[in-house]
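Remarks on the overall topology
For reference, the chains in residue letters:
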Amino acid sequence: MRIDILTLFPGMFQGPLSESIIQRARERGLVEIYVHNLRDFAHDRHGTVDDYPYGGGAGMVLRPQPLFEAVETITGGDSSVPIILLTPQGRLFRHQVAQELAGHDRLLLICGRYEGVDERVREHLVTDEISIGDYVLSGGEPAAVVVVDAVVRLLPGVLGSKESAVEDSHASGLLEYPHYTRPRVFRGWPVPPVLLSGNHAQIARWRREQALRRTMERRPDLLETANLSSEDKKFVERVKRGSLPSA
Ligand code: J9T
């Protein structure tokens, strides 16, 4: 996959996209990431990319010209490349959206500024608008990093079998079960004995039940759309009726 990022602050990507799993994926040629400075597409010497809002008001608005020309140059007119604006007004970024984006050969992410982007960019240039949650950021850059990370880890070959994305929280539609490592007892707090039992069927069942309980408690909305077996559903009903002790 190739990902292009259009931003006024290329420096904000240097650290986050050059470490850990993303860096490893880049080194192995599984993803190419190019960060472009929007100012390079301005026409004047000062690299002006914003202007005052018509009708008045606070803040500046990103002008359409640099954005249109940058996108046209970067895509070379290929209309199959999704042009994604990161904005609090976009559709909510969830696992399903990450999966959908991971299915494309290329993505172009545009980082907007908090003040705004000329509406003609939304209407005639952008093909998708994504929000990473119900809060405002100073710019779309941190949101672009979130999208790149979530998408890259879904690309074939990026994760090894041990870190497989299939088992990730949200891939299953449920929150993850609790994890423990050594020591067996830390400051008097023991690891649940079932995990030391060596009984793999019992461990798998305990983990599933923990994931179900945790999702019920913290994100009951996820339970509505999760893929539940008839055994899962029976367990959820028993917990709801209070016929099981709390974990
Ligand atoms: C300027 O961009 C934002 O404030 C932004 C972008 C994507 N998601 C958000 N929740 C905010």
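To start, this report covers the structure provided alongside it. (Residues numbered from 1 in each chain as written. Predicted model: local features only at pLDDT ≥ 70, side-chain atom pairs only at ≥ 80, totals over all residues. Heavy atoms only, no water.)

Details of the sheet that holds strand β7 (residues 128-131)
- In space, the five strands of this open sheet follow the order β2-β1-β6-β5-β7, with parallel pairing throughout. At either end of the open sheet lies a strand with only one pairing partner, and these are β2 (32-37) and β7. Looking at each pair of strands side by side, their axes are set apart by 35° on average, direction ignored.
- Inspection of the sheet shows strand β5 (residues 83-92) paired to β7 by five bridges, in the parallel sense. (Pairing = 2+ DSSP bridges. Helix = DSSP H or I, 4+ residues; strand = E, 2+ residues; numbered from the N terminus. Axes fitted to C-alpha atoms, helices over the stretch in contact; angles between N-to-C directions.)

Details of the packing of helix α3 (residues 95-102) against helix α5 (residues 141-152)
- The contact between α3 and α5 brings their axes to 9 Å, and the two run at 70°. The angle between α3 and α5 places the two elements in the roughly perpendicular class. Mapping the contact onto sequence places Ala98, Leu101 and Ala102 in α3 and Val147, Ala150 and Val151 in α5.
- Partitioning the contact of α3 with α5 into residue classes produces six nonpolar, no polar and no charged. (Parallel < 35°, antiparallel > 145°, perpendicular 65-115°, else oblique. Contact = heavy atoms within 4.5 Å. Nonpolar A, V, L, I, M, F, W, Y, C, P; charged D, E, K, R; others polar.)

Regarding the packing of aromatic side chains
- Counted by the stated rule, this structure contains one aromatic pair.
- Measuring from ring centre to ring centre gives 6.2 Å for phenylalanine 186 and tryptophan 189, while their planes differ by 45°; the resulting arrangement is tilted.
- You can call tryptophan 189 exposed: its relative accessible area is 58%. (Phe/Tyr/Trp six-rings, centres within 6.5 Å; stacked < 30°, edge-to-face > 60°. Buried < 20%, exposed > 50% of the residue type's maximum accessible area, 1.4 Å probe, protein only.)

A short note on the site of the ligand
- Taken together, 16 residues form the shell around the ligand, and within it Ser131, Ile132, Gly133, Tyr135 and Leu137 come nearest.
- Side-chain polar atom of serine 131 to a nitrogen atom of the ligand: 3.4 Å apart, as the coordinates give it.
- A distance of 3.0 Å separates a nitrogen atom of the ligand from a polar atom in the backbone of isoleucine 132.
- Protein burial of the ligand: of its 300 Å² of free accessible surface, 99% is covered by the chains.
- Put simply, the parts of the chain that give the shell around the ligand at least two residues each are β5 and β7.
- Class assignment for the residues of the shell around the ligand results in nine nonpolar, six polar and one charged. (Near = heavy atom within 4 Å. Polar contact = N/O pair within 3.5 Å; in protein donor to acceptor, adjacent residues only side chain to side chain. Areas by Shrake-Rupley, 256 points an atom, 1.4 Å probe, with all protein chains shown as cover.)

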